[in-house]
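The lines below spell out each chain.
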Amino acid sequence: MHLLGMWKEEKPKPQSWAAKNRVRAIVIYHKVAVTSPCGRRRVIHRRRRRKGVLLADEALVSVSMQSSWRKSQQTARESRGCQTTAIHSAEAGVQTRSSVFSSTQTELQDHVTAQFLQDPQNTLHLSSLKDFLHHVEVPIIRELVRNSKSHAFDGFQVNWEEHNQMVLCLHQLQHPRALERDLHVTSLSWSCTGAVIVCAYGRQYVCVTGRMAEGDWSNDKSYVCTWNLDHGGLNTNQADLVIDVPTAVTSLSCHPKHPALIAGSLHSGEVVIWDTSQSTDPILAQTGMSADSHREPVCQVTWVPLQNKGEFGVLSACSGGRILLWTVNSDQGKFVLKAAFALVQQQVLSSSASFKGQGTSTTPAAVSSENQSVPLKAPAVFSFRPGSGPVNSIHCSPFHRNLFLSAGTDGLAHLHSLLQTNPLRSFRVSDTCVFKVQWSPTRLLLFAAATEQGEVQIFDLSRRSLRPAATIDPGGVGHAATCLAFNCQNHQLLAVGKTDGTVDIWKLSSDLTEQIPTEGQLLEQIANQVAD
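Residues numbered from 1 in each chain as written. Predicted model: local features only at pLDDT ≥ 70, side-chain atom pairs only at ≥ 80, totals over all residues. Heavy atoms only, no water.

Trainee: Explain the overall build of the chain to me, please; I cannot follow it from the model alone.
Mentor: Secondary structure assignment for the chain yields 6 helices and 32 strands. Looking at the 532 residues of the chain, the share that counts as buried comes to 37%. Taking as baseline every contact in the chain between residues at least 6 positions apart, the subset at least 24 positions apart corresponds to 50%. Roughly 33,600 Å² of accessible area belongs to the chain as shown, and the carbon and sulfur atoms make up 51% of that amount. (Helix = DSSP H or I, 4+ residues; strand = E, 2+ residues; numbered from the N terminus. Buried < 20%, exposed > 50% of the residue type's maximum accessible area, 1.4 Å probe, protein only. Contact = heavy atoms within 4.5 Å. Areas by Shrake-Rupley, 256 points an atom, 1.4 Å probe, with all protein chains shown as cover.)

This is how it looks when you write it as structure tokens:
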């Protein structure tokens, strides 16, 4: 709205009230401009008379006021707008595939089929078949004879696996209850199929010297756990089968033919066979506390073949020096003692910890049998040169009858021959202690050793260097590797148990599993050499 003001001076009429009072009259015209909301402008003139007021001449400044309403409406109109939503697009393709399967099979004629069913021997009298056999007989026999004399593929084994140059950790298995109770992995064993790994738990106390002290085993209950690695739903944090054991399990051995049978030795001196196919009561046989059983903790158990073909017995050894051979009576669920041996100090020369055994020895042992059903025999023939410390592990070569490995607290792995007392070679494995040593089931000159530092050292005798060919370091600081086990079916798998209660499944490289053509000759050369 705009407001304009002005004034105009006029002379009053003679007879007006202003003339009588000699007062000048001022007439003020107001001009008002009004703008309506719709935009139309209208001017209004107003006249007012004031009397009795004397005004002086003065120039006034015009004042203008801008309308804020128009500006706000104009701004509101400018801010309004319209926009469409974003258009989403996607591409998809499809392809059809057509396949055709057809098969055909030829059949004998009806009369030939009936003739063959009635008298199969007369089929050779068919003229065409007889002529064909006479025609190919000579070349086939000639090729068979030639192949029998060829040595082109001697020692060759087909490997269908891809050539792998790296050692990889496939799984880390653990049992939650064993971890909560701080139990160690004491023994490992693969099933005869190579699909199931069996793990035993217990608690061993390590001495200052780095070895597992004799008798320092916990009597708390432990577990035997199994994992099927071929199972699609493998749970590394939960075992497929858990067997509660009232005392520590010191050793395990899976049956060579039956995947469900597991032999185990306990710290209490008992030997047990579990049948994993029985979920309610897996104990198939148990020695119990009898006159024939062990009195001391059993440190090793294994399956051995018996004289009857296809039959296996259980061989157990305790810390007291007794070695017992058991047969299993599955109907009655008990062991039957078949043979007993005792290693006495009088037979061991120079206080050696390792000895050469002869199972057919009839020499009576110089210890009392204590009403044992089978008399004790002395199997020791002679002793080997002792090392600088106790021996923790011994393993015979699966490819040569006279070679075996030993390892102990001196940190060395010794290669022995049954034909001489001194070791053929010695390898520095660790600066502390070696708990387990084992030959490879495929490589003739390769073996692995588990150390107190948690590493697994792999040595290859085909190399000139005495340093390890490979080192497996799981990275766990302060956790010793107590045991290891090669897989005899899947040769690339190696299981390693540790004191933190975990089991690592490693996949070995092809160089550590594939045989070298000259390994057989090198093995014979090493076995025939004379130690210094």
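Trainee: What should I look at first to understand the sheet that holds strand S13 (residues 271-275) in this one?
Mentor: The strands making up a sheet associate through backbone hydrogen bonding, with each pair oriented either parallel or antiparallel. Across the sheet, which stays open at both edges, the 4 strands sit in the order S11-S12-S13-S14 with antiparallel pairing between neighbours. Both edges of this open sheet fall to strand S11 (249-254) and strand S14 (283-286), since each of them pairs with a single strand only. The average undirected angle you get between the axes of adjacent strands in this sheet is 20 degrees. Judged from the 5 bridges that link them, S11 and strand S12 (residues 261-266) form a sheet pairing that is antiparallel. By the bridge assignment, Ser-251 is partnered in S12 with Ser-265. (Pairing = 2+ DSSP bridges. Axes fitted to C-alpha atoms, helices over the stretch in contact; angles between N-to-C directions.)

Trainee: I keep staring at the pairing of strand S22 (residues 391-396) and nothing clicks. Help me out?
Mentor: Side-chain positions along a regular strand alternate between the two faces of the sheet. Where S22 meets strand S23 (residues 403-408), 5 bridges bridge the pair, whose relative direction is antiparallel. Bridge pairing in S23 links Cys-396 to Phe-404.

Trainee: Can you help me understand the sheet that holds strand S15 (residues 298-305) in this one?
Mentor: Spatially, the 5 strands line up as an open sheet ordered S15-S16-S17-S18-S20, and their pairing is mixed. At either end of the open sheet lies a strand with only one pairing partner, and these are S15 and strand S20 (376-377). Of the strand pairs in this sheet, strand S16 (residues 312-318) and strand S17 (residues 322-329) are connected by 4 bridges, and their pairing is antiparallel. Considered in S17, the bridge of Ser-316 is made with Leu-324.

Trainee: Just to check I follow, could you spell out the packing of aromatic side chains for this structure?
Mentor: Each pair of aromatic rings is reported with the distance of its centres and the angle of its planes. With the rule as written, the count across this model stands at 6 aromatic pairs. An angle of 70 degrees between the planes, with centres 5.8 Å apart, marks the rings of Trp-326 and Phe-335 as edge-to-face. Both residues of the pair, Trp-326 and Phe-335, belong to the buried class. For the pair Phe-384 and Phe-404, a centre-to-centre distance of 5.3 Å together with 70 degrees between the ring planes defines the contact as edge-to-face. In this pair, Phe-384 is assigned in the loop between strand S21 (380-383) and S22 and Phe-404 in strand S23, connecting sequence segments 20 residues apart. On the basis of relative accessibility, which here comes to 2%, the residue Phe-384 falls in the buried class. (Phe/Tyr/Trp six-rings, centres within 6.5 Å; stacked < 30°, edge-to-face > 60°.)

Trainee: Help me out: how do you make sense of helix H4 (residues 127-149) in this one?
Mentor: Every α-helical turn comprises 3.6 residues, leaving residues that sit three or four positions apart pointing alike. In this model H4 runs 34 Å from its N-terminal to its C-terminal C-alpha over 23 residues, within 8% of the 33 Å that 1.5 Å per residue would give. The largest bend in H4 comes to about 35 degrees, at Glu-137, with the proline Pro-139 one to four residues further on. (Expected span 1.5 Å × (residues − 1). Bend = angle between axes of the 7 residues up to and from the residue.)

Trainee: Where do I start with unusual backbone geometry in this structure?
Mentor: The phi torsion of most residues other than glycine is negative, and most of the peptide bonds are trans. Its identity as a non-glycine residue notwithstanding, Asp-182 has a phi of 60 degrees, on the positive side. What makes Asp-182 partly exposed here is its relative accessible area of 48%.

Trainee: Would you explain the state of the cysteines in this entry?
Mentor: Covalent bonding between the sulfur atoms of two cysteines is what defines a disulfide. Following the criterion strictly, the structure yields 0 disulfides and no others. The thiol of Cys-254 is unpaired, and the distance to the nearest cysteine sulfur, on Cys-192, comes to 7.9 Å. By relative accessible area, Cys-254 is classed as buried at 9%. (Disulfide = S-S within 2.5 Å.)

Trainee: What should I look at first to understand a nonpolar patch on the surface in this one?
Mentor: Taken together, the side chains of Met-166, Leu-168 and Leu-170 make up a nonpolar region of the molecular surface, amounting to roughly 270 Å² of accessible area. Tracing the chain through its elements places Leu-170 in strand S4 (residues 168-174). Classification of Leu-170 as partly exposed rests on a relative accessible area of 39%. (Patch = residues over 30% accessible without salt bridge, like charges linked within 9 Å, V, L, I, M, F, W, Y side chains within 5 Å. Salt bridge = Lys/Arg side-chain N within 4 Å of Asp/Glu carboxyl O.)

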